[in-house]
Amino acid sequence: TCSECRKAFNSTSGNVDSTSFLTSAPAGAPPVPTPPAGPTITSAVAAVFQVTTNADISDGDTSSITNLLASQGADNAISLREAILAANNTAGADTINFAIGTGAQTIQLASVLPSLTGATTIDGTTQPGFTSTPLITIDANLLSGTILDASPSGSAVTLKAFKITNYASTAVAL
């Protein structure tokens, strides 16, 4: 082993001090080249998570998807409203799937859903029992306003296999 390697190795912890080992060259060796600048990563890894209740409630921690998964609220479930809020608060493209029991489910809204503000897929084909007919129905309860507004996102939004019924004005804005 080289003397530089022995200096960088900590025999107590078994770790290598990479600050001196990786950034300096032995005496007389050519200088360590600076790596070229790479792309800047500005978003998180895409997240996929599931709506697990047909209740229209928001009692979980929607500050991020990670926080919502860890703290789903008193009902220990994730609503569509909570899923949209958490996706909006998490960088990167997100996919919202459904796992509300099996078969047809209706989500009766108490108010219009939050606008989608980033790249999001809401995928009704993931509801257990789906074959070709949508099993997820969003009952807008005769609410006025846009029930599902994807227009502010400026990003790719994909909506798959669900119905919106009983709306008083606009069901979906893209």
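Residues numbered from 1 in each chain as written. Predicted model: local features only at pLDDT ≥ 70, side-chain atom pairs only at ≥ 80, totals over all residues. Heavy atoms only, no water.

(A) Quick look at the overall build of the chain. Secondary structure summary: the chain contains 4 helices and 9 strands in total. For the chain, the N- to C-terminal ordering of α and β elements is α-α-β-α-α-β-β-β-β-β-β-β-β. Partitioning the intrachain contacts of the chain with sequence separation of at least 6 by distance along the chain shows that 71% fall at a separation of at least 24. Of the roughly 9,600 Å² of accessible surface on the chain, a fraction of 54% belongs to carbon and sulfur atoms. (Helix = DSSP H or I, 4+ residues; strand = E, 2+ residues; numbered from the N terminus. Contact = heavy atoms within 4.5 Å. Areas by Shrake-Rupley, 256 points an atom, 1.4 Å probe, with all protein chains shown as cover.)

(B) Focus on the pattern of salt bridges. Per the stated rule, a full pass over the model turns up 2 salt bridges. Lys160 is the salt-bridge partner of Asp123, the closest N and O atoms lying 3.9 Å from each other. Of this pair, Asp123 sits in strand E4 (residues 120–123) while Lys160 sits in strand E7 (residues 157–160), and the two are 37 residues apart along the sequence. When its relative accessible area of 36% is taken as the criterion, Lys160 is described as partly exposed. (Salt bridge = Lys/Arg side-chain N within 4 Å of Asp/Glu carboxyl O. Buried < 20%, exposed > 50% of the residue type's maximum accessible area, 1.4 Å probe, protein only.)

(C) Quick peek at the side chain of Thr53. Along the chain, Thr53 turns up in the loop between strand E1 (47–51) and helix H3 (65–70). Relative accessible area serves as the criterion here: at 14%, Thr53 is assigned to the buried category. In terms of polar contacts, Thr53 uses its side chain to reach the backbone amide nitrogen of Ala55, at 3.1 Å. Apart from residues lying up to four places away in sequence, Thr53 is in contact with Asp75, Ala77, Ile78, Ser79 and Ile100. (Polar contact = N/O pair within 3.5 Å; in protein donor to acceptor, adjacent residues only side chain to side chain.)

(D) Quick look at the sheet that holds strand E8 (residues 162–165). Across the sheet, which stays open at both edges, the 3 strands sit in the order E3-E5-E8 with parallel pairing between neighbours. With partners counted over all chains shown, the strands left at the sheet margins are strand E3 (105–108) and E8, one partner each. Going from strand to strand, the sheet's axes swing by 20° on average, the running direction of each strand aside. The pairing of E3 with strand E5 (residues 136–139) spans 4 bridges and is parallel. Directly across from Ile107, in E5, lies its bridge partner Ile138. (Pairing = 2+ DSSP bridges. Axes fitted to C-alpha atoms, helices over the stretch in contact; angles between N-to-C directions.)

(E) Structural context of the sheet that holds E1. Pairing within the open sheet is parallel, and its 4 strands lie in the order E1-E2-E4-E7. Every other strand in the sheet has two partners, leaving E1 and E7 as the edge strands with one partner each. Neighbour to neighbour, the strand axes of the sheet diverge by 15° on average, direction disregarded. Where strand E2 (residues 94–98) and E4 come together, 4 bridges link them in parallel fashion. The residue bridging Asn97 from the neighbouring strand is Asp123, located in E4. Strands E1, E2 and E4 of the sheet are contacted by helix H4 (residues 80–88), whose axis makes an angle of about 170° with E2.

(F) Quick peek at the confidence of the model for the chain. Per-chain confidence: the chain averages 82 in pLDDT, with 74% of residues scoring 70 or above. Considering each helix and strand of the chain separately, the mean pLDDT is smallest for helix H2 (residues 18–21), with a value of 39, and largest for E3, with 98. This model gives residues 1–24 a pLDDT under 50, and the stretch forms 19 contacts once residues within four places in sequence are excluded. The model gives residues 35–44 a pLDDT under 50, and that stretch makes 5 contacts with residues more than four places away or in other chains. (pLDDT = per-residue confidence, 0-100.)

(G) How the structure looks around the environment of Ala150. Note on placement: Ala150 falls in the loop between strand E6 (146–149) and E7. As for Ala150 and Ala173, which are separated by 23 residues in sequence, their C-alpha atoms are 5.7 Å apart. When residues no more than four places from it in sequence are discounted, the contact partners of Ala150 are Leu116, Val157, Ala173 and Leu174.

(H) Quick look at unusual backbone geometry. In this structure, Asn76 takes a positive phi of about 55° despite not being glycine. Counting through the fold element by element, Asn76 comes out in the loop between H3 and H4. If you check the backbone angles, Asn141 has positive phi at about 60° while not being a glycine. Assignment of secondary structure puts Asn141 in the loop between E5 and E6.

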